[in-house]
Amino acid sequence: MNEDIRIHSWPCSYYLDTSKQWVSGRLSLTPVAIKFTADKTGELLVNFHLSSISEIKKESSNLIFSSLTILEKNTKHWFSSLQPSRNVVFNILEHFWREQLLSSEGAGAEAAALQSTKGKELTGLLTGSQKRLEDTAKVLHYQGEQFDNIMRGLNKIEGDMDVADRLLTELESPSWWPFSSKLWKAPLETKPKETATVSDSKNQEGIIIRIPVIITHRTDSNVKPGKLTLFASGLEISDCNSQVIHRFESKDVDDIRVHTPYEISVRQRFIGKPDTSYRLLSAKMPEAIPILEMQFSKKIQFLEDALGFVGARKSPQVDLGTSIWQAATGLLGGVVQPSSPVGGREGMDNDQVQLQKQEKISQEEAKELKQILKKLKGLALETEAELERQDEALDSITTSVDHATLNIDKQNRRIKKLT
């Protein structure tokens, strides 16, 4: 992820201690740093890493002006006249600061694992691929349940049309026809059996991902921290106390706009009343966007500032199923039996020997990679089988719909003749 992406910027004043005066400019937030640029000179007066912050507070300067203070190492920075409001800026800065502190634990573990970089890198890549494939499987499973419900509904429609066909046949038959009672009774006994199995799927769905977010509803003046939860059937926005603010079912979402890799907006349109729209900002949003893109592929729109994120995310991972698999299995081939050579040692020059030494990983990492690869292969086969099943279900649904349409047209013509 590009660390120079500007997540947000706000007009404000900064107290310059060297000249003892307030300087107007813009406070900017990037994924890893806070910056302040003066309006008049364009000079960068403040530039420090989020991890170097020890405290963010709301304070008053000279007992009058409401200000925001950031304690960076031993230096206290004062910001005032923040727009749209101090609370908005405070909530966003605090959110990214806390998430940076949480992720710094992972950075420390990464620094400690530099001795086996290649093994850790492959493990991280494959673990991420496994998580993405598991999320895809959850969504596909839910879609499969929806297809099953559609098929049950179509079967019920077909049964109802059989009833209508028998009733029309009786209406068309002459009054002396002796089989009228049988035509009425047969289909009525089959109706109640279909209705019991349709409604369990929604309560059984699981959470795909849940991330902390900063929520804006319509106006920038109403900003508060909360959570975004993604389900296979939609998404849910809740406050810090897990009280649901709004739930969007998949069919309710009209568009999702990706403003930056860290900010999206979700909207449901209405006729005759205001749209329901929420703007969501999060340091963890890059983890949720690929899932949203998969669920709402026809409704999601990447704006100009987010297009670079799409290219950066897709280019190295387009061929995850082949490139990572080949890299991992090829590397494992040289590590599973480190005592025996991979190929003929006679034809191996010094550069190849050096490369093999650099890429050698531990037995524990090799075992972990083999386990992940085994899970990935199983998930890939299950996903492929589910996709094939859904393709067959779609063909069957299309055929049933065409058949039902023809029957409805025939019955309409028969009804016209009767009237």
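As a convention, each chain's residues are numbered from 1 in the sequence order in which they are written. Where local features are concerned, this predicted model is filtered to residues with pLDDT of at least 70; where side-chain atom pairs are given and counted, the filter is 80 or more; whole-chain, interface and lining totals use all residues. The side-chain values count all of the structure's non-hydrogen atoms but skip hydrogen atoms and water molecules.

### A closer look at the overall build of the protein
Piece 1. Comment: elements are numbered from the N terminus, with helices defined as DSSP H or I runs of at least four residues and strands as E runs of at least two. Counting its regular elements, the protein contains nine helices and 15 strands.
Piece 2. Every one of the 419 residues in the protein was classed for burial, and the buried ones make up 36%.
Piece 3. Only heavy atoms enter the contact rule, under which two residues are in contact if any of them lie within 4.5 Å. Sequence separation of 24 or more characterises 53% of the internal contacts of the protein that already satisfy a separation of 6 or more.
Piece 4. On the protein, roughly 25100 Å² of surface is accessible, and the fraction owed to carbon and sulfur atoms is 52%. The classification of residues rests on relative accessible area computed with a 1.4 Å probe and restricted to protein chains. Under 20% of the type maximum is buried, over 50% is exposed, and intermediate values are partly exposed. For the area figures, the Shrake-Rupley method with a 1.4 Å probe applies, and any residue is considered shielded solely by the protein chains shown.

### A short note on the packing of aromatic side chains
Aromatic ring pairs are reported here in terms of the distance separating the ring centres and the angle at which the planes meet.
Piece 1. The criterion for an aromatic pair is that two Phe, Tyr or Trp rings (for Trp, the six-membered ring) have centres within 6.5 Å, with stacked assigned to planes under 30 degrees apart, edge-to-face to planes over 60 apart and tilted to the rest. One pass over the full model with this rule turns up six aromatic pairs.
Piece 2. Ring plane angle 40° and centroid distance 5.3 Å describe the contact between Y14 and F36, whose orientation is recorded as tilted. Taken together, the positions of Y14 in strand 1 (residues 8-16) and F36 in strand 3 (residues 33-38) put the pair 22 residues apart, joining distant regions of the chain.
Piece 3. On the basis of relative accessible area, F36 is assigned to the buried category, the value being 0%.
Piece 4. Centre to centre, the rings of Y14 and F79 are 5.1 Å apart; their planes meet at 40°, and the pair counts as tilted. Of this pair, Y14 sits in strand 1 while F79 is found in strand 7 (residues 75-80), placing the two residues 65 residues apart along the sequence.
Piece 5. The exposure class assigned to Y14 is buried, which follows from its relative accessible area of 7%.

### What about the nonpolar core?
Piece 1. By size, the foremost hydrophobic cluster in this structure holds 28 residues, and its most contacted members are L27, L29, I34 and L93.
Piece 2. Mapped by element, the contributors of at least two residues to this core are strand 1, strand 2 (21-29), strand 3, strand 4 (44-49), strand 5 (53-61), strand 6 (65-72) and helix 1 (86-112).
Piece 3. Ranked by the residues each element gives to this core, the list is headed by helix 1, at seven residues.
Piece 4. For this core, the two domains that each supply at least three residues are domain 1 (8-103) and domain 2 (207-309).
Piece 5. With near-sequence residues (within four places) excluded, L29 lies in contact with I5, R6, I7, H8, W10, I34, L50, I92, L93 and F96.
Piece 6. Judged by nonpolar contacts, the second largest core, of 27 residues, contains I208, V266, M285 and I300. As used here, the term nonpolar core means buried Ala, Val, Leu, Ile, Met, Phe, Trp, Tyr and Cys residues forming a set that is joined through side-chain atoms within 4.5 Å. Residue ranges for the domains trace back to a domain assignment, done automatically or taken from a database.

### Quick word on the environment of P261
Piece 1. Summarising the element assignment, P261 is placed in the loop between strand 12 (255-260) and strand 13 (263-268).
Piece 2. In the structure, P261 is positioned 41 residues away from F302 in sequence and 9.3 Å away in space, judged by C-alpha atoms.

### Quick word on the confidence of the model for the protein
Piece 1. Each residue carries a pLDDT score, the predictor's own confidence in it, on a scale running from 0 to 100. Scored by pLDDT, the protein has a mean of 74; 67% of the residues are at 70 or more.
Piece 2. Every residue in residues 108-116 scores below 50 in pLDDT, and together they form two contacts with partners more than four places removed in sequence or on other chains.
Piece 3. Contacts of residues 351-358 to residues separated by more than four positions or lying in other chains number four contacts, the stretch itself having pLDDT below 50.

### Some points on the environment of Y262
Piece 1. Along the chain, Y262 falls in the loop between strand 12 and strand 13.
Piece 2. The exposure class of Y262 is buried, given its relative accessible area of 6%.
Piece 3. Residues Y262 and P31 lie 231 residues apart in sequence; the distance between their C-alpha atoms is 8.7 Å.

### As for the pairing of strand 4
Piece 1. A pair of strands is treated as paired once DSSP finds two or more bridges between them. Across five bridges, the pairing between strand 3 and strand 4 is antiparallel. Residue A33 lies in a different strand from strand 4, and its bridge partner there is H49.
Piece 2. With antiparallel pairing between neighbouring strands as the criterion, strand 3 and strand 4 make up a hairpin whose turn holds five residues, including G42 at a positive phi of roughly 70°.

### Re the pattern of salt bridges
Piece 1. Note on definitions: salt bridges are taken to be side-chain nitrogens of Lys or Arg within 4 Å of carboxyl oxygens of Asp or Glu. All told, the structure shown has 10 salt bridges when counted by the stated rule.
Piece 2. A salt bridge links K20 to D17; the shortest N-O distance between them is 3.0 Å.
Piece 3. On the accessibility criterion, K20 (55% relative accessible area) is exposed.
Piece 4. Two residues, R98 and E94, come together in a salt bridge whose shortest N-O distance is 3.0 Å.

### What about the side chain of Q411?
Piece 1. Position of Q411 among the secondary structure elements: in helix 9 (residues 363-418).
Piece 2. Q411 gets classed as buried once you look at its relative accessible area, which sits at 12%.
Piece 3. Not counting residues up to four positions away in its chain, the partners in contact with Q411 are M161, A164, D165 and L168.

### Remarks on the sheet that holds strand 11 (residues 244-249)
Piece 1. One open sheet holds the eight strands; their spatial order is 11-10-9-8-14-13-12-15, and the pairing between them is mixed. Both outer strands of the open sheet, strand 11 and strand 15 (300-302), are each paired with one neighbouring strand and no more. Adjacent strand axes in the sheet meet at a mean angle of 30°, parallel and antiparallel pairs treated alike.
Piece 2. As paired strands, strand 13 and strand 14 (residues 276-281) are joined by six bridges and run antiparallel to one another. By the bridge assignment, I264 is partnered in strand 14 with L280.
Piece 3. Across the face of the sheet, helix 5 (residues 285-295) comes into contact with strand 8 (207-217), strand 9 (223-231), strand 10 (234-239), strand 12, strand 13, strand 14 and strand 15 while running at roughly 105° to strand 8. Every axis in this analysis is a line fitted to C-alpha atoms, fitted for helices over the stretch in contact. Angles between the N-to-C directions lie between 0 and 180 degrees.

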